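The lines below spell out each chain.
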Amino acid sequence: MIRFALRGRQPRWLLPVLAVLPIVLTYLLTAGPIRAAGANPAAAYERYVLQPLSSVDSVFEVLLTSTPLLFTGLAVAVAFRCGYWNIGADGQLLAGAVEATFFGLNVRGLPAGVAIPLVILAGAVAGVVWALVPALLRTRLGIDEVVTTLLLNPVALLLVQCLLNGPWRNPENQFPESAPIDPAYTFPRLLADHRLHLGFAIALVLAIVVGVIISRTPLGLRMRAVGRSPEAARFAGIRVERTMLGAALGSGAIAGIGGVSQVAGLQGQLTGGISDGFGYTGVVVATLATLSVTGVVFVSVLLADIIVGAESAVRVLQLPPQMGDVVTATLMLCVVAVLVLRRYKLVVRFPAALHRSRSRPGLGEDAA
Amino acid sequence: MTTLIALVGAALVSATPLLYATLGELVTERTGILNLGIEGTMYAGAFAGFLVAASTGSPWLGLLGAVVVGLLSGLLMGLLTVTFGVNQHVAGIGTTLLLIGLSEFVNRLKYGGGAVPQIAKFGLLFRDVPVAEQYLLTYIGFLVLAPVMWWVLRGSGFGLRVRAVGENPEAADAAGISVTRTRYAALLVGGALTAIGGAVLTLAILGSFTLNITAGRGWVSIALVIFARWRVWPAVFGALLFAGVDALQLQLAISSTFESVPRELLIALPYLVVVATLAISGRGVRYPGAYLRPYRRA
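The residue count restarts for each chain, going from 1 along the sequence in the order it is written. Think of it this way: whatever chain is written first is A, whatever ligand is written first is 1, and the rest follow in order. For this predicted model, a pLDDT threshold of at least 70 governs which residues receive local features, and a threshold of 80 or more governs which side-chain atom pairs are given and counted, while totals over whole chains, interfaces and linings are taken from all residues. With hydrogens and water excluded, all non-hydrogen atoms of the structure serve as input to the side-chain values.

(A) Local environment of the overall build of chain A. Check the secondary structure of chain A and you find 15 helices and two strands. By its C-alpha atoms, chain A is 95 × 60 × 35 Å across when sized along the principal axes. Burial here depends on accessible area, computed with a 1.4 Å probe over protein chains only, as a share of the maximum for the residue type. Under 20% is buried, over 50% is exposed, and the range in between is partly exposed. Across the 368 residues that make up chain A, the buried fraction comes to 54%. Should any heavy atoms of two residues lie within 4.5 Å, those residues are counted as being in contact. In chain A, of all internal contacts separated by at least 6 residues, the share reaching a separation of at least 24 is 76%. Carbon and sulfur atoms make up 64% of the accessible area of chain A, which totals about 16,600 Å². One way to put it: in chain A the 28 positive side-chain charges average out to a point 16 Å from where the 19 negative ones average out. The helix count covers DSSP runs of H or I at least four residues long, the strand count covers runs of E at least two residues long, and both are numbered beginning at the N terminus. For accessible areas, the Shrake-Rupley method is used with a probe of radius 1.4 Å. Any residue's cover is judged against the shown protein chains and nothing else. Charge assignment in this entry is limited to Lys and Arg as positive and Asp and Glu as negative, and neither His nor the chain termini are counted. Here the site of a charge means atom NZ of a Lys, CZ of an Arg, CG of an Asp or CD of a Glu.

What follows is the structure in structure tokens.
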């Protein structure tokens with residue numbers, strides 16, 4: 001019989017074990033499906049983790065891929081920290097992307113110095129608007145935000161498809177994707193010969209700002225207090241609903257800017273595949289980062305590493321790219337399960353009957 | 001009139017997957033576990049049902065395959081939330097991502113991302129009789145599952161244990177009820193029902209599999225459970241309501257009056273109706289006492 005018992009204090013060896021164990025578990029658990037696909041697990045993981053980091057060019061590709069995850073990971077972490085379960089970052093990101101496209105198609109002729117800040121602001125507002133209804137329902141009427149934020153994700157996707165099949169359909173080739181946006185809105189590249197764009201830098205700056213707010217300001221303290229225990233926070237005089245509303249809307253704004261970054265930085269137009277479930281991956285990022293902002297930065301890059309690796313594994317090992325999703329989901333579940341060991345230790349006890357027969361004098365020794 | 005009859009018939013069909021999933025989620029949540037893995041379980045159930053049916057030629061074996069997958073997903077959620085006591089939101093989203101990822105992985109492996117075959121699907125009973133022309137699973141869902149679930153939760157020993165564990169696990173434990181076993185049992189039942197709900201999509205309605213087949217129906221089920229305040233008959237009503245709006249929007253889409261309204265906005269309508277219904281009816285909802293709370297003996 002295995003059960004959990006509260007740990008007194010954490011032993012020294014625990015931390016390294018907690019760091020390594022999920023990785024080993026993930027490897028063991030995913031080795032089966034990888035073998036079933038006819039690939040060698042070791043080779044696959046070499047592809048997933050090491051290959052993308054083996055050249056400067058592909059490192060930049062990893063950073064580019066990490067950009068939307070940075071935004072959604074931050075968005076989710078901010079909300080979760082405050083005890084607001086925003087699982088609608090996907091919809092909020094799409095809202096930002098739609099807004100950016102709206103500006104890019106309709107508000108033409110601005111200089112880039114005005115256009116770019118404007119479109120970022122507009123995307124943030126769109127994210128806030130998309131986050132507003134669930135946030136108000138939660139803080140004013142106490143209606144569960146998990147469900148409402150989740151349900152607005154398919155709605156946002158349908159809105160995008162509606163626009164792409166209707167008014168924004170590309171007039172030149174009739175594909176369900178928008179015409180290219182006005183170049184004034186296009187994010188400049190950070191490097192001459194790579195696609196890595198301003199969005200990545202914005203995400204990093206946002207990460208620093210959010211990190212400072214959460215850990216070094218009274219606002220952040222209030223947010224954390226509400227997240228830990230709303231009752232205690234209320235007792236301490238914190239306006240719980242207001243704080244939570246702020247975190248929820250801030251979360252939406254960050255996700256919305258993520259949408260702008262995808263349109264103005266990466267694609268230059270709106271497409272149906274503008275979000276590859278980034279809002280949900282954001283939950284994975286924030287969780288793996290244990291809601292720490294520094295963690296979000298590292299985990300985004302790690303997951304992007306796996307995503308880029310999974311893409312190249314398609315070509316080289318004929319391993320379906322969805323294996324990347326399986327690996328990240330497994331890693332996340334292993335991490336959250338293993339993290340329980342921070343507070344609890346496993347106690348293995350034999351069932352009572354077995355125990356008695358073992359301790360009966362003579363018997364065991366005779367057999368030996 | 002004929003439109004209305006067609007509407008009712010269509011609503012019953014599209015309510016069926018929701019009915020199974022919602023009742024599965026309902027019994028699980030009654031023990032205090034929010035299973036956000038439901039979307040993934042439904043997806044994996046739909047895919048597993050399709051895969052087994054496609055390779056054996058029997059929709060019944062497909063259904064069995066879906067049930068097995070549903071049980072496994074319940075077991076996974078149990079391991080995470082009951083045994084390990086992991087945060088239920090996180091465990092559920094992770095399970096959903098894992099199951100959708102695995103389904104699409106196998107799909108790609110098996111069919112190379114190209115066309116998937118049509119399968120022999122369940123036939124309709126009472127052919128050509130309006131409204132009564134339905135799948136067996138629809139009849140079972142409404143006429144057997146719902147009353148049985150209602151009775152089980154209300155009158156059976158298992159139902160009593162479920163409610164006791166969901167309201168006050170400490171008291172239930174003190175009364176000799178195993179919290180762990182009850183929660184696992186509810187997760188297994190819930191997982192199996194949810195997977196059947198998913199399999200209805202492939203084995204009965206569609207006769208094939210497409211990506212994003214569940215399209216957020218799992219999330220809808222979670223909303224319906226709150227809307228129903230964890231009671232069986234309101235949950236049945238909620239499933240019919242969503243399906244009714246869904247059937248209505250399909251009717252509107254082919255009617256000439258609404259020709260100019262974009263198709264996608266009509267598809268979004270049922271989701272918005274659910275959010276609106278929650279906004280109106282969701283005030284002051286009393287959650288099960290131990291909702292989201294893992295239980296460990298002190």
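More follows now that the structure is in view.
(B) Region of interest: unusual backbone geometry. Residue and element names in this part refer to chain B. The phi torsion at Asp-128 lies on the positive side, around 70°, for a residue other than glycine. Inspection of the secondary structure puts Asp-128 in the loop between strand 1 (124-125) and strand 2 (134-135). The backbone of Asn-212 sits at a positive phi, close to 55°, despite the residue not being glycine. Mapped onto the elements, Asn-212 comes out in the loop between helix 8 (179-206) and helix 9 (217-227).

(C) The arrangement of the domain arrangement of chain A in detail. Residues and elements named next belong to chain A. Here the bounds of each domain stem from an automatic or database domain assignment. Considered domain by domain, chain A is made up of domain 1 (1-37 + 320-368) and domain 2 (56-319). The centre of domain 1, based on its C-alpha atoms, is set 35 Å off from the matching centre of domain 2. Taken residue by residue, the interface counts 13 residues in domain 1 and 12 residues in domain 2. Surface buried jointly by domain 1 and domain 2 totals about 1,100 Å² across both partners, of which 86% is contributed by carbon and sulfur atoms. Looking at the side of domain 1 facing domain 2, the largest losses of area belong to Pro-321, Thr-328 and Met-332, adding up to 41% of the total buried there. When a carboxyl oxygen of Asp or Glu is within 4 Å of a side-chain nitrogen of Lys or Arg, the pair counts as a salt bridge. Counting the contacts that link domain 1 with domain 2 gives zero salt bridges. Once two parts are brought into contact, the accessible area they lose, counted with a 1.4 Å probe and summed over both, makes up the buried area.

(D) Summary view of the interface of chain A and chain B. Residue-level contacts link 42 residues of chain A with 42 residues of chain B. In this assembly, chain A packs against chain B so that about 3,800 Å² is buried in total across both faces, 82% of it on carbon and sulfur atoms. On the chain A side of the interface with chain B, the three residues burying the most area are Leu-151, Leu-158 and Leu-333 of chain A, jointly 15% of the side's total. Applying the counting criterion to the chain A and chain B interface returns zero salt bridges. A 3.5 Å cut-off defines polar contacts: any pair of N or O atoms within that distance qualifies, except that in protein one atom must be a possible hydrogen donor and the other a possible acceptor, and neighbouring residues in sequence count only when both atoms are side-chain atoms. Along the contact surface separating chain A from chain B lie two residue pairs in polar contact (both at pLDDT 80 or more). Those elements that provide at least two residues to the side of chain A that touches chain B are helix 1 (14-36), helix 5 (112-141), helix 6 (145-165), helix 11 (278-288) and helix 13 (322-339) of chain A. Broken down by class, the residue content of the side of chain A that touches chain B amounts to 34 nonpolar, six polar and two charged. Gly is put with the polar residues, along with every residue not named as nonpolar or charged; the nonpolar set is Ala, Val, Leu, Ile, Met, Phe, Trp, Tyr, Cys and Pro, and the charged set is Asp, Glu, Lys and Arg.

(E) Region of the structure containing the packing of aromatic side chains. Here a Phe, Tyr or Trp ring, Trp counted by its six-membered ring, pairs with any other such ring whose centre lies within 6.5 Å, and the pair is stacked when the planes are under 30 degrees apart, edge-to-face when over 60, and tilted otherwise. Evaluated as defined, the whole model comprises 17 aromatic pairs over all chains. Ring geometry for Tyr-27 of chain A and Tyr-45 of chain A: centres 5.1 Å apart, planes at 55°, overall tilted. Of the two residues, Tyr-27 of chain A is situated in helix 1 and Tyr-45 of chain A in helix 2 (residues 41-50); the sequence distance between them amounts to 18 residues. In textbook terms, an aromatic cluster arises when at least three aromatic residues are bridged by ring pairs, as seen for Tyr-43, Phe-47, Phe-50, Tyr-111 and Phe-209 of chain B. Against the face of Tyr-344 of chain A rests Arg-296 of chain B, its NZ or CZ located 3.8 Å from the ring centre. When the NZ atom of lysine or the CZ atom of arginine is within 6 Å of a ring's centre and also within 35 degrees of its normal, the charge is said to sit over that ring.

(F) Examining the side chain of Gln-262 of chain A more closely. Mapped onto the secondary structure, Gln-262 of chain A falls in helix 10 (residues 240-267). Excluding its chain neighbours within four sequence positions, the residues that come into contact with Gln-262 of chain A are Pro-68, Gln-267, Gly-268, Ile-274 and Phe-278 of chain A.

(G) Broad picture of helix 6 (residues 157-167) of chain B. Residues and elements named next belong to chain B. Buried within helix 6 we find Gly-159, Val-162, Val-165 and Gly-166. Along helix 6, the residues classed as buried sweep out an arc of 135° about the axis, all on the same side. Buried-residue contacts for helix 6 involve helix 1 (2-30), helix 5 (136-155), helix 7 (169-174) and helix 8. This arc is built from the directions going out from the helix axis to the C-beta atoms.

(H) Expanded view of the nonpolar core. Note on terminology: a nonpolar core comprises buried Ala, Val, Leu, Ile, Met, Phe, Trp, Tyr and Cys residues joined through side-chain atoms within 4.5 Å. Ranked by internal contacts, the top residues of the largest apolar core, which has 202 residues, are Leu-151, Leu-270 and Leu-319 of chain A together with Leu-36 of chain B. Look past the residues within four positions of Leu-36 of chain B in its chain and what remains in contact with it is Ile-87, Val-146 and Leu-150 of chain A together with Met-77, His-89, Gly-92, Ile-93, Thr-96, Trp-219 and Ile-222 of chain B. Formed by five residues, the second largest nonpolar core is a distinct cluster that contains Val-165, Ala-172, Ile-177 and Tyr-295 of chain B.

(I) Structural detail: a nonpolar patch on the surface. Residue and element names in this part refer to chain B. Taken together, the side chains of Trp-60, Leu-125, Phe-126, Val-129, Leu-136, Ile-140, Leu-143, Val-144 and Val-148 define a hydrophobic patch exposed on the protein surface, amounting to about 780 Å² of accessible area. Here the nonpolar patch gets five residues from one element, more than from any other, and that element is helix 5. Relative to the assigned elements, Ile-140 resides in helix 5. Patches draw on residues past 30% relative accessible area with no salt bridge. Two like charges within 9 Å are joined, as are two nonpolar side chains (Val, Leu, Ile, Met, Phe, Trp, Tyr) within 5 Å.

(J) Quick peek at the packing of helix 7 (residues 198-216) of chain A against helix 10 of chain A. Residue and element names in this part refer to chain A. Orientation is described by axes fitted as lines to C-alpha atoms, over the contacting stretch for helices, and by angles from 0 to 180 degrees between their N-to-C directions. For the pair helix 7 and helix 10, the least separation of the axes is 10 Å and the interaxial angle reads 165°. Here helix 7 is positioned roughly antiparallel relative to helix 10, judged by the angle of their axes. When the axes of helix 7 and helix 10 are compared, the crossing they make is right-handed. Here Gly-199, Ile-202, Leu-206 and Val-210 of helix 7 lie close against helix 10, whose contacting residues are Ile-254, Ile-257 and Ser-261. Its residues assigned to classes, the contact of helix 7 with helix 10 comprises five nonpolar, two polar and no charged. Note that the term roughly parallel is reserved for angles under 35 degrees, roughly antiparallel for angles over 145, roughly perpendicular for angles of 65 to 115, and oblique for everything else. Crossing chirality is assigned from the near helix's rotation relative to the far helix, an anticlockwise turn below a right angle marking it left-handed and a clockwise turn marking it right-handed.

(K) Summary view of the packing of helix 4 (residues 89-106) of chain A against helix 10 of chain A. Residue and element names in this part refer to chain A. Viewed as axis vectors pointing N to C, helix 4 and helix 10 meet at an angle of 50°, and their least axial separation amounts to 6 Å. Between helix 4 and helix 10, the crossing angle belongs to the class labelled oblique. Judged by the sense of rotation from one axis to the other, the crossing of helix 4 with helix 10 is right-handed. The residues of helix 10 that touch helix 4, namely those facing Ala-89, Gln-92, Leu-93, Gly-96, Ala-97, Ala-100 and Thr-101, are Ser-251, Gly-252, Ala-255, Gly-256, Gly-258, Gly-259, Val-260 and Val-263. Split into classes, the residues belonging to the contact of helix 4 with helix 10 amount to seven nonpolar, eight polar and no charged.

(L) Seen up close, the environment of Trp-85 of chain A. Here Trp-85 of chain A shows up in the loop between helix 3 (56-81) and helix 4. The spatial distance from the C-alpha of Trp-85 of chain A to the C-alpha of Leu-150 of chain A is 9.9 Å, given a sequence separation of 65 residues. Each residue touching Trp-85 of chain A, except ones within four places of it in the same chain, is listed here: Phe-80, Glu-145, Val-146 and Thr-149 of chain A together with Asn-87, His-89 and Val-90 of chain B.

(M) How the structure looks around the confidence of the model for chain A. For every residue, the predictor reports its confidence as pLDDT, a number between 0 and 100. Predicted confidence across chain A gives a mean pLDDT of 91, with 95% of residues reaching 70 or more. Below pLDDT 50 for its whole length, residues 357-368 of chain A participates in two contacts with residues either more than four positions away or in separate chains.

(N) Main features of the pattern of salt bridges. All told, the structure shown has seven salt bridges over all chains when counted by the stated rule. Between Arg-234 of chain A and Glu-241 of chain A there is a salt bridge, and its shortest N-O distance comes to 3.2 Å. Note that Arg-286 of chain B is salt-bridged to Glu-167 of chain B, the shortest N-O span being 3.4 Å. Of the two residues, Arg-286 of chain B sits in the segment after helix 11 (263-281) while Glu-167 of chain B sits in helix 6, which places them 119 residues apart along the sequence. On the basis of relative accessibility, which here comes to 59%, the residue Arg-286 of chain B falls in the exposed class. On the basis of relative accessibility, which here comes to 35%, the residue Glu-167 of chain B falls in the partly exposed class.

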